[in-house]
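Results of the structural survey
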Amino acid sequence: MHHLTYTAADESATAALGAALAEVLPGGSTVALCGTLGAGKTRLVQAIAEALGVERRTVVSPTFVLIQEYAGRRMIYHIDAYRLKDIDEFLALGPEEYFESDGLVLIEWADRVVEGLPEEYLQIEITVTGESERKFEISAHGEKYFQVIERLAEEELMNNA
């Protein structure tokens, strides 16, 4: 399975998705988060971090610092590509160091730096479908993430897989 759609009726459903991702993502995973401003990219990162024991209020969008690091049960590297001018600016951050780590690399606005992503990654496209409702299109880029999608599909929270 390469693709999964998840509809979150509210913020607690988004939190449930974040908790499921924290559970099924193997160490060294890269997650490309895409969606419009206010779609909920940072909210999903907060949910993943919270599930790994990081205080939710400490997780903020790294728009100005570009990278935030959070130490939970696993390291989380939260990257925001929104303000980057081009791929060279992204590569200057040394992303491969993060990609090669055992932590989770979560990249907001990843569609701006696709050519700098590792060969394999999980993409999550978030669409606003209501005031607090969101649609998450989750797709695997590479075999490593086919299993992630399958494990997510097995999670009971997957309402319309």
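Report follows, based on the coordinates.

1. Side note on the nonpolar core
Core analysis: the biggest nonpolar cluster contains 34 residues, and Leu21, Leu44, Leu122, Ile124, Phe136 and Ile138 have the highest contact counts within it. Ranked by the residues each element gives to this core, the list is headed by helix H1 (residues 11-24), at 6 residues. Not counting chain neighbours up to four residues away, the residues in contact with Ile138 comprise His2, His3, Leu4, Leu17, Leu122, Gln123, Ile124, Ile149 and Leu152. Counting residues in hydrophobic clusters, the runner-up holds 19 residues, among them Cys34, Phe99, Val105 and Leu117.

2. Things to note about the pattern of salt bridges
The full count for this structure, using the stated rule, is 5 salt bridges. Residue Lys135 is joined to Glu137 by a salt bridge in which the shortest nitrogen-to-oxygen separation is 3.4 Å. According to the relative accessible area criterion, Glu137 is buried, its value standing at 19%. Shared partners join several salt bridges into a network, and the residues in it are Glu11, Arg43 and Arg56.

3. Considerations on the packing of aromatic side chains
Overall, the coordinates contain 3 aromatic pairs when judged by the stated rule. With centroids separated by 4.8 Å and ring planes inclined at 55 degrees, the aromatic side chains of Tyr77 and Tyr98 adopt a geometry described as tilted. Residue Tyr77 is found in strand E4 (residues 75-80), and its partner Tyr98 is found in helix H4 (residues 95-99); the two are separated by 21 residues along the sequence. Note on Tyr77: relative accessible area 12%, which makes it buried. Accessibility expressed as a relative area gives 13% for Tyr98, which makes it buried. The cationic tip of Lys41 hangs over the ring face of Trp109; the distance from NZ or CZ to the ring centre is 4.1 Å.

Procedures and definitions
Residues numbered from 1 in each chain as written. Predicted model: local features only at pLDDT ≥ 70, side-chain atom pairs only at ≥ 80, totals over all residues. Heavy atoms only, no water. Core = buried A, V, L, I, M, F, W, Y, C linked by side-chain atoms within 4.5 Å. Buried < 20%, exposed > 50% of the residue type's maximum accessible area, 1.4 Å probe, protein only. Helix = DSSP H or I, 4+ residues; strand = E, 2+ residues; numbered from the N terminus. Contact = heavy atoms within 4.5 Å. Salt bridge = Lys/Arg side-chain N within 4 Å of Asp/Glu carboxyl O. Phe/Tyr/Trp six-rings, centres within 6.5 Å; stacked < 30°, edge-to-face > 60°. Lys NZ or Arg CZ within 6 Å of the ring centre and 35° of its normal.

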